[in-house]
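# Chain and residue survey
As a plain string of letters, each chain reads:
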2 protein chains.
Amino acid sequence: MSKPLILVTNDDGITAPGIRKLISIVNQIGDVIVVAPNSPQSGKGHAITINSTLSFEELNLDGPQKDFSCSGTPVDCVKMALDKILPRKPDLVVSGINHGANSSINVIYSGTMSAAVEAGVEGLQAIGFSLSDLKWEADFDQAEDFIKDIILKTLENPMPKGVVLNVNIPKLNKEEIKGIKVCKQANAKWEESFDERTNPHGRKYYWLSGYFNNMDESEDADETALTNGYISIVPVKFDLTAYEYMNELNSIYK
Amino acid sequence: MSKPLILVTNDDGITAPGIRKLISIVNQIGDVIVVAPNSPQSGKGHAITINSTLSFEELNLDGPQKDFSCSGTPVDCVKMALDKILPRKPDLVVSGINHGANSSINVIYSGTMSAAVEAGVEGLQAIGFSLSDLKWEADFDQAEDFIKDIILKTLENPMPKGVVLNVNIPKLNKEEIKGIKVCKQANAKWEESFDERTNPHGRKYYWLSGYFNNMDESEDADETALTNGYISIVPVKFDLTAYEYMNELNSIYK
């Protein structure tokens, strides 16, 4: 059997240690092409570039993979890769490893996960990986074996169309990680508290700030799994229809 | 009973005809505060501004509402409104009227819908409105009575937490609109085809381009309803967990 073609992207930018680690892992599994942003794109969600232009260039970086740096968002990277860069549809798209968790509601803000979702929209197998450590020099080695295991299992057990995986890894040493747990997205949100400052011209400006509020103590929530030392896997879909509310809504609009 | 407090936002910018129409409708229903982007933010999805600052200013525009122009994305606008501008939690958040449809998969790219979803994350009642006409001078008058009806019904019949509405309006005259239909998100996608050009320095650049591919002929899909002359309402949720795939995933990771 020929080697799988694997597309790698992220939202922290093509030089981030997290994506370089992920590349080193998938280089052991398949033929790898990297198409990742040329600058940090955290919090870009599912943004696409409509009102300006895009470009990409091939870089010459260490390793057997091909590296392309792209001017757009993570979702732009996936679209450019599929339309302009890859020789064929990839067998798998992996995004990350993100510097910082994308568990619970963070899935909708995350460029890392939006890239995986975009690959899912294109009918591809896709996984987003995130480590619960925001630091640039975070230790991505601890989770290597688990990430490899999840990628191999996904290649062996393809997901149905319309589903991608959101994998979050706790900031623990390898031997402290208790295992892998299939979870639901925890019910959580950010409590905003903008940081107000004044510029030299006397005008107010703001930095987005706040704290994370987990409102979900349930055993099968991803936040719970991470707190308890597990790697969480949430199957994520992009049919956002709230089917369970359709009957009631129909009775209102009958 | 006191008048409801209604927050209005959009992604086409605070001066767009679509939002000015929506403001004129909600001015008939409640006390209105507008917090909308100071520039077009189409396709920004759920992007938030992390790595730069935000600001807002009050504008003096016609009408009883208060208008605030914000430097950020639609989701930033909702966050700024709730934390810094509104005197209390609003009874309803409406977003739009978008110049162009946000049916089917467009819900994930749309700044208009992401603003509504963000309000939903905050536990608020929220509706995104979009008209299937990209033109700046689109005729938003035809749908006025329908929009008012949907807003009043939503105030009378609050949705459960975790659900917001995605309302799309066909480009038809009022008497041609057949009614309102509760729908699911159609299974559709964009087929990318980047438009390649060369800049004066000989370097290639690209415009995102492509065509819309509706793969869903089912009667209750929003695309079908729009094609048949109905206004579509899709209840949208932001718990993205693919619960229906959890059992199988558990068997893989047991």
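Just so it is clear, the structure is predicted and the values come from calculations on it, not from any experiment.

Moving on, we come to unusual backbone geometry. If a residue is not glycine, its phi is most likely negative; likewise, a peptide bond is most likely trans. All names here are of chain A. Looking along the chain, the bond that leaves G96 and enters I97 is cis, with omega of -10°. Within the secondary structure layout, I97 lies in strand β5 (residues 92–99). The backbone of S104 shows a phi angle near 50°, a positive value even though the residue is not glycine. In this structure, S104 sits in the loop between β5 and α3 (111–121). For S104, a relative accessible area of 1% translates into the label buried.

This paragraph deals with the pairing of strand β5 (residues 92–99) of chain B. Residue and element names in this part refer to chain B. By the criterion of burial, β5 is predominantly enclosed, with eight of the eight residues buried. Direction of pairing for strand β1 (residues 5–9) relative to β5: parallel, over a ladder of four bridges. Across the sheet, residue V8 finds its bridge partner in β5, namely V94. As defined by bridge partners, β5 adjoins strand β6 (residues 126–131) across five bridges and the pair is classed as parallel. Counted as the bridge partner of V94 is I127 from β6. Considered for its hand, the β-α-β crossover made up of β5, helix α3 (residues 111–121) and β6 is right-handed.

Further remarks concern the packing of helix α1 (residues 17–26) of chain B against helix α4 (residues 144–156) of chain B. All names here are of chain B. Axis separation between α1 and α4 bottoms out at 10 Å; the angle between their running directions is 55°. With respect to α4, the axis of α1 lies oblique. When you trace α1 past α4, the crossing you get is right-handed. Where α1 abuts α4, its residues K21, L22, I25 and V26 lie against E144, I147, K148 and I151. For the contact of α1 with α4, a count of residues per class yields five nonpolar, no polar and three charged.

This part covers α4(B). Residues and elements named next belong to chain B. Compared with the 18 Å implied by 1.5 Å per residue over 13 residues, the 18 Å span of α4 between its first and last C-alpha is a close match. For α4, the complete set of buried residues consists of E144, F146, I147, I150, I151 and T154. Elements in contact with the buried residues of α4: α1, β5, β6, β7 (163–169), β8 (179–182) and β13 (230–237).

A word on the sheet that holds strand β4 (residues 66–70) of chain B. All names here are of chain B. Read across the sheet, nine strands follow the order β3-β4-β2-β1-β5-β6-β7-β13-β8 without closing on themselves; strand pairing throughout is mixed. The open sheet has two edge strands, β3 (56–59) and β8, and neither has a second partner. On average, adjacent strands in this sheet sit at an angle of 25° to one another, irrespective of strand direction. Judged from the five bridges that link them, β6 and β7 form a sheet pairing that is parallel. Its bridge partner being in β7, L131 is matched across the sheet by I169. Contacts from α3 reach β1, β5, β6, β7 and β13, with the element oriented near 170° to β6. Lying over the sheet, α4 contacts β5, β6, β7, β8 and β13, oriented at roughly 170° with respect to β6.

Turning to the pairing of β4(B), a few remarks are in order. All names here are of chain B. In terms of residue burial, β4 counts as a mostly covered element, since four of its five residues are buried. Here strand β2 (residues 31–37) pairs with β4 via five bridges, running parallel. Residue pairing across strands places I33 opposite K66, the latter belonging to β4. Note that β3 and β4 share four bridges and pair antiparallel. If you follow L59 over to β4, its bridge partner there is D67. The hairpin formed by β3 and β4 contains six residues between the paired strands, and G63 there has a positive phi angle of roughly 115°.

Cut-offs and rules
- Residues numbered from 1 in each chain as written.
- Chains lettered and ligands numbered in written order.
- Predicted model: local features only at pLDDT ≥ 70, side-chain atom pairs only at ≥ 80, totals over all residues.
- Heavy atoms only, no water.
- Helix = DSSP H or I, 4+ residues; strand = E, 2+ residues; numbered from the N terminus.
- Buried < 20%, exposed > 50% of the residue type's maximum accessible area, 1.4 Å probe, protein only.
- Pairing = 2+ DSSP bridges.
- Right-handed = clockwise from strand over helix to strand, strands pointing away.
- Axes fitted to C-alpha atoms, helices over the stretch in contact; angles between N-to-C directions.
- Parallel < 35°, antiparallel > 145°, perpendicular 65-115°, else oblique.
- Left-handed = near helix turned anticlockwise from the far one by under 90°.
- Contact = heavy atoms within 4.5 Å.
- Nonpolar A, V, L, I, M, F, W, Y, C, P; charged D, E, K, R; others polar.
- Expected span 1.5 Å × (residues − 1).

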